[in-house]
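Structural characterization, general
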Amino acid sequence: MMPSEHYPEVFGGEMSDTCEFASLDEANEILGLMMRHWNTIAGTLFKGEVYVPLLLEDEDGTAQGNDWARGFIAGHGHASRYFREHRQVKPSAHASEPRRNAPKVGRNEPCPCGSGKKYKRCCGGARVN
């Protein structure tokens, strides 16, 4: 997602409607800082590393993450819509074939592992760690 696509979220609407910069230099500086931040995050994710957001503490020492979380959720929604719109559905060559090649074992049948126990008392039973 290009940074210009999320500017309305950052600025609370279209920039032409919501922003009044003191000068062209100020607008370029702010947009440049936003682009630098976007590139830092994109570079971190591209390298397969985890990006950890910077959460500043308020005067009581509490890190306020609600705004970041709302932005993350909104961004996730944008990404989900993007991938839904650009998804290419490929027909499966095996759509009519069953997923299971081996016959299903009934709970009361002998376990296929050869233990002699019923399937439900052997490999088909609930596992407790």
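Please refer to the structure higher up on the page.
Let us look at the overall build of the chain. When helices and strands are tallied, the chain shows 4 helices and 0 strands. Looking at the chain as a whole, 8% of its 129 residues are labelled buried. Pairs at least 24 residues apart make up 16% of the contacts formed inside the chain by residues separated by at least 6 positions. For the chain, the accessible area works out to roughly 11,500 Å², and carbon and sulfur atoms hold 53% of it.

Okay, helix 1 (residues 3-11) next. The set of residues buried in helix 1 consists of Pro-3, Tyr-7 and Phe-11. Here the buried residues of helix 1 occupy an arc of 70° about the axis, which is enough to place them on one side. Among the residues trailing helix 1, Gly-12 stands out with phi positive, at a value near 80°.

This brings us to the layout of surface pockets. Unfilled space is identified by rolling a water-sized probe across the atoms. Looking at the largest pocket, its volume works out to about 1,500 Å³. Lining the largest pocket we find 31 residues, and of these His-6, Ile-41, Trp-68, Gly-71 and Phe-72 sit closest to its centre. When contributions to the lining of the largest pocket are tallied by element, the ones reaching two or more residues are helix 1, helix 3 (24-46) and helix 4 (66-86). No other element matches helix 4, which puts 13 residues into the lining of the largest pocket.

Below, the discussion takes up a nonpolar patch on the surface. On the surface, a cluster of nonpolar side chains totalling about 420 Å² of accessible area is made up of Leu-55, Trp-68, Phe-72 and Ile-73. With respect to the secondary-structure elements, Leu-55 resides in the loop between helix 3 and helix 4. You can call Leu-55 partly exposed: its relative accessible area is 36%.

How each quantity is defined
Residues numbered from 1 in each chain as written. Predicted model: local features only at pLDDT ≥ 70, side-chain atom pairs only at ≥ 80, totals over all residues. Heavy atoms only, no water. Helix = DSSP H or I, 4+ residues; strand = E, 2+ residues; numbered from the N terminus. Buried < 20%, exposed > 50% of the residue type's maximum accessible area, 1.4 Å probe, protein only. Contact = heavy atoms within 4.5 Å. Areas by Shrake-Rupley, 256 points an atom, 1.4 Å probe, with all protein chains shown as cover. Arc of directions from axis to C-beta. 1 Å grid on protein atoms, 1.4 Å probe; cavity = no way out; pocket = protein on both sides within 12 Å on 5 of 7 lines; lining within 4 Å. Points joined across faces, edges and corners; volume = space filled by probe spheres on them. Patch = residues over 30% accessible without salt bridge, like charges linked within 9 Å, V, L, I, M, F, W, Y side chains within 5 Å. Salt bridge = Lys/Arg side-chain N within 4 Å of Asp/Glu carboxyl O.

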